[in-house]
Amino acid sequence: MVGEVCENDQAYSMERAVDRELAGLIADQALENDLPVGTINFGTAAGPYSCLPLDWGAIVPLSFMPNVPIVVITPSRNLSFEQHLSFGQAIKQAVRVSNKRIGLIASCDWSHTHDETGPYGFHESAKKLDEQVVDLIKKNNLETLANFDPIFIDQAKPDGIWQSLIF
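Summary of the structure given here. As the structure is a computational prediction, the values presented were derived from the model and not from experiment.

With that settled, the discussion passes to the pairing of strand β2 (residues 10-15). By the bridge criterion, six bridges tie strand β1 (residues 2-7) to β2 in an arrangement that is antiparallel. Across the sheet, residue V2 finds its bridge partner in β2, namely E15. Between β1 and β2, which pair antiparallel one after the other, the connecting turn spans two residues, and N8 there sits at a positive phi close to 55 degrees.

This is the structure in structure tokens:
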């Protein structure tokens, strides 16, 4: 995977190998758990011309990590919260089978409705949601995010619910 972030007249590029074995184990386990999952290639099935793009959501956190093979997972908002929790279990099961030592990164933003002049405007739910998420992180209870009211989520417009449920 390869990508570049350009901001403030600066550019940062990155290339990372994919742990294809672990990605396959995760996909297989998700399918065994009756979860919809897809694996993708770009250009060719393998080799130097099979190179998927990395976006800023992956590049930024990976820039703080050692250069080790990666698996990038993108959750779908079309799936239920329960399916995201189950996908996290599929990852856990696949990692156990692999006997690999892994790190998980849930790259995400939280509420986007803090600023009236921002692209999503202002809603008081943004501050409330962010405070509740911080509390759940401190209590190591992220699965409670699945109980958030969909209207509350829509008002705050976070990006992090789905990744965190997998996490």
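With that out of the way, let us pick up the side chain of T113. Note that T113 resides in the loop between α3 (81-98) and α4 (125-138). Here T113 falls in the buried class, since its relative accessible area comes to 2%. Separated by 3.0 Å, the side chain of T113 and the backbone oxygen of Q155 make a polar contact. The residues contacting T113, other than those within four sequence positions of it, are Y120, G121, F122, H123, A126, Q155, A156 and K157.

We now examine the nonpolar core. Of all hydrophobic cores here, the largest spans 14 residues; its most connected members are F81, L129, L145, F148, I153, I161 and L165. Elements that contribute at least two residues to this core include exactly α4, α5 (150-156) and α6 (161-166). The contacts of I161, once residues within four sequence positions are left out, are F81, W110, L145, F148 and I153. Formed by ten residues, the second largest nonpolar core is a distinct cluster that contains A30, L35, A94 and V95.

Among the secondary structure elements, L22 is positioned in helix α1 (residues 20-32). On the basis of relative accessibility, which here comes to 7%, the residue L22 falls in the buried class. Separated by 115 residues in sequence, L22 and I137 place their C-alpha atoms 27 Å apart. Non-local contacts of L22, meaning those with residues more than four positions away in its chain, are made with V71, A94, V95, S98, K100 and I102.

Looking now at unusual backbone geometry. Not every positive phi belongs to a glycine, and D34 is a case in point at roughly 60 degrees. As for its placement among the helices and strands, D34 is situated in the loop between α1 and α2 (56-62). On the basis of relative accessible area, D34 is assigned to the exposed category, the value being 69%. One non-glycine residue, K157, lies in the positive phi region at around 55 degrees. Positionally, K157 belongs in the loop between α5 and α6.

Calculation criteria
Residues numbered from 1 in each chain as written. Predicted model: local features only at pLDDT ≥ 70, side-chain atom pairs only at ≥ 80, totals over all residues. Heavy atoms only, no water. Pairing = 2+ DSSP bridges. Helix = DSSP H or I, 4+ residues; strand = E, 2+ residues; numbered from the N terminus. Buried < 20%, exposed > 50% of the residue type's maximum accessible area, 1.4 Å probe, protein only. Polar contact = N/O pair within 3.5 Å; in protein donor to acceptor, adjacent residues only side chain to side chain. Contact = heavy atoms within 4.5 Å. Core = buried A, V, L, I, M, F, W, Y, C linked by side-chain atoms within 4.5 Å.

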